[in-house]
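Structure assessment
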Amino acid sequence: METCLIGLPFCGKTTIFNALSGQQAGGYQQVHLAEVPVPDPRVGQLAALFEKKKQVQASVLLKDLPLQFSEQGGIAAGALGELRTSDAVTIVLRAFVDEAVVHSLGEIDPLRDLGKLLDSMVFSDYEIAQKRVERLEKEGKRGDREHLILAKIIARLEQGGGIGPELIHEEELSLLAGFQFLTAKPMIVIINTGERSVDIAAVQKRSEELGIQVFPIRGLQEMEIAQLSPEDQREFLADLGLQATAGERFLKALYSGLELVSFLTVGDQEVRAWSIPRGATALQAAGKIHSDMERGFIRAEVIPCDQLLAAGSFAEARKQGQLRLEGKEYHVKDGDVVTIRFNL
Ligand SMILES: Nc1nc2c(ncn2[C@@H]2O[C@H](COP(=O)(O)OP(=O)(O)O)[C@@H](O)[C@H]2O)c(=O)[nH]1
Ligand SMILES: [Mg+2]
């Protein structure tokens, strides 16, 4: 699971990247990367039961990109490739007031900035769709299935809208996967409220209307807290009325906003947790573990983690009829312990 931070210059992307990861990244010309682990006590419980030495938590890869906008308002080539391959987009909006930090558009207005960022993604998608359509027409493929779908997409983008699930049918998804449209990706909005913030009610409302979860954070303060020892962190967070670190709270928002779930695997050497979108199938889960498992998929053996822990072993769980055999289409649930049977 990977997400890129995007936002206007100086909105606090790198500050927030540091707040979420505990890193001390600086400079704006490199890509900054952080693996933020998703703590899951079930990994340790299974590792203890099966006496595995190695535990691997699920993680979210956070990318802070050197983002630039083209003259026409799209996202400039440099970071666009990274953005296209990421699973989700994290939009950062500036709401903090600080006269020492100029805003490239003048007033502090996170609602305007949200519109601007969405527009830039719409524009980038439009360019790609348009290029492909022109190519198909040159090849005499006007009216083909791909051409028809892209025409529908272009019409939506021209109205300024994104490519949502209501526009694209499930069977069209695989045809479009290669385009890696930005507006088709799941999104979450981080509002950097700083120490002093403009009113964020309007931008919160707009995000919710768009079905996007909002995560407010005091960027600079949380970055400073993230550099402290764990004990000091708890103390400073408590002063702000917060129970968990910025990273922990963000992951929670990401999990609920993007509807992610974790499943678990017990291998020869390790117990491991993996994150996938809610509704993902057993076949997709297999592909997450290894592409060979997806190709040679036969079936998945599935048991909820708590049942397995209670039974004490796979053999006992099987005896009690709790180990289920599921096919490709099975929707993986949070906490499922999954064993993929495959054949190449
Ligand atoms: N006062 C204040 N300044 C902030 C806050 N977050 C970021 N900044 C400042 O805004 C400037 C740009 O931040 P940076 O993280 O580099 O933004 P980026 O260009 O989006 O990566 C820096 O001077 C930061 O110190 C905040 O919460 N409060
Ligand atoms: Mg930066």
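Residues numbered from 1 in each chain as written. Chains lettered and ligands numbered in written order. Predicted model: local features only at pLDDT ≥ 70, side-chain atom pairs only at ≥ 80, totals over all residues. Heavy atoms only, no water.

For the rest of this paragraph, the subject is the overall build of the chain. Scanning the chain for helices and strands turns up 14 helices and 12 strands. Taking 2.2 N^0.38 as the reference for a compact globule, 344 residues should give roughly 20 Å; the C-alpha atoms of the chain span a radius of gyration of 22 Å, in line with that estimate. Its C-alpha atoms give the chain principal-axis dimensions of roughly 65 × 65 × 35 Å. Relative to its full complement of 344 residues, the chain shows a buried share of 45%. Counted over contacts in the chain with a minimum sequence separation of 6, partners at least 24 positions apart contribute 69%. Accessible surface, the chain: about 17,500 Å² in total, of which carbon and sulfur atoms supply 50%. (Helix = DSSP H or I, 4+ residues; strand = E, 2+ residues; numbered from the N terminus. Rg over C-alpha atoms; globule rule 2.2 N^0.38 Å. Buried < 20%, exposed > 50% of the residue type's maximum accessible area, 1.4 Å probe, protein only. Contact = heavy atoms within 4.5 Å. Areas by Shrake-Rupley, 256 points an atom, 1.4 Å probe, with all protein chains shown as cover.)

Every buried residue of helix α1 (residues 13–21) is accounted for by Lys13, Ile16, Phe17, Asn18, Ala19 and Leu20. Backbone geometry just downstream of α1 places Gly22 in the positive-phi region, at approximately 80 degrees.

With that settled, the discussion passes to helix α5 (residues 145–158). With 14 residues, α5 extends 20 Å from end C-alpha to end C-alpha; this agrees with the ideal 20 Å at 1.5 Å per step. Along α5, the positions that sit buried rather than exposed are Glu146, His147, Ile149, Leu150, Ile153, Ile154 and Leu157. All buried residues of α5 project into a common sector of 160 degrees when viewed along the axis, lining one side. Tucked inside the fold, the buried residues of α5 contact α4 (110–138) and α6 (170–176). Following α5 by one or two positions, Gly160 has its phi on the positive side, about 90 degrees. (Expected span 1.5 Å × (residues − 1). Arc of directions from axis to C-beta.)

Within the fold, Glu2 resides in strand β1 (residues 2–6). Looking at Glu2, its side chain comes within polar contact range of the side chain of Lys63, at 3.0 Å. (Polar contact = N/O pair within 3.5 Å; in protein donor to acceptor, adjacent residues only side chain to side chain.)

The immediate surroundings of ligand 1 are formed by 15 residues, with Lys13, Thr14, Thr15, Asp98 and Glu195 found nearest. Within the side chain of Asn192, one N or O atom sits 3.1 Å away from a nitrogen atom of ligand 1. Of all the elements in the fold, those that place two or more residues in the shell around ligand 1 are α1 and α8 (219–226). It is α1 that provides the largest number of residues to the shell around ligand 1, a total of three residues. Its residues assigned to classes, the shell around ligand 1 comprises six nonpolar, six polar and three charged. (Near = heavy atom within 4 Å. Nonpolar A, V, L, I, M, F, W, Y, C, P; charged D, E, K, R; others polar.)

This part covers the domain arrangement of the chain. One frequent convention defines the size of an interface as the accessible area lost when the parts assemble. For the chain, the assigned domains read domain 1 (2–257) and domain 2 (279–342). Summed over both partners, the interface of domain 1 with domain 2 buries about 600 Å², with 76% contributed by carbon and sulfur atoms. Connecting domain 1 to domain 2 are one salt bridge. Among the salt bridges present, the one from Arg42 reaches Asp334, with a minimum N-O distance of 3.3 Å. (Domains from an automatic or database assignment. Buried area = accessible area lost by both parts, 1.4 Å probe. Salt bridge = Lys/Arg side-chain N within 4 Å of Asp/Glu carboxyl O.)

Summed over all chains, the structure comprises 23 salt bridges. Linking Arg324 and Glu326 is a salt bridge whose minimum nitrogen-to-oxygen distance equals 2.9 Å. The class of Arg324 is partly exposed, set by a relative accessible area of 30%. For Glu326, a relative accessible area of 18% corresponds to the buried category.

It is the contact of α4 with α5, at a shortest axis distance of 9 Å, that shows an interaxial angle of 145 degrees. In the packing of α4 onto α5, the handedness of the crossing is left-handed. Contacts between α4 and α5 involve Val122, Asp125, Tyr126, Ala129, Gln130, Arg132, Val133, Leu136 and Glu137 on the former and, on the latter, Glu146, His147, Leu150, Ile154, Leu157 and Glu158. (Axes fitted to C-alpha atoms, helices over the stretch in contact; angles between N-to-C directions. Left-handed = near helix turned anticlockwise from the far one by under 90°.)

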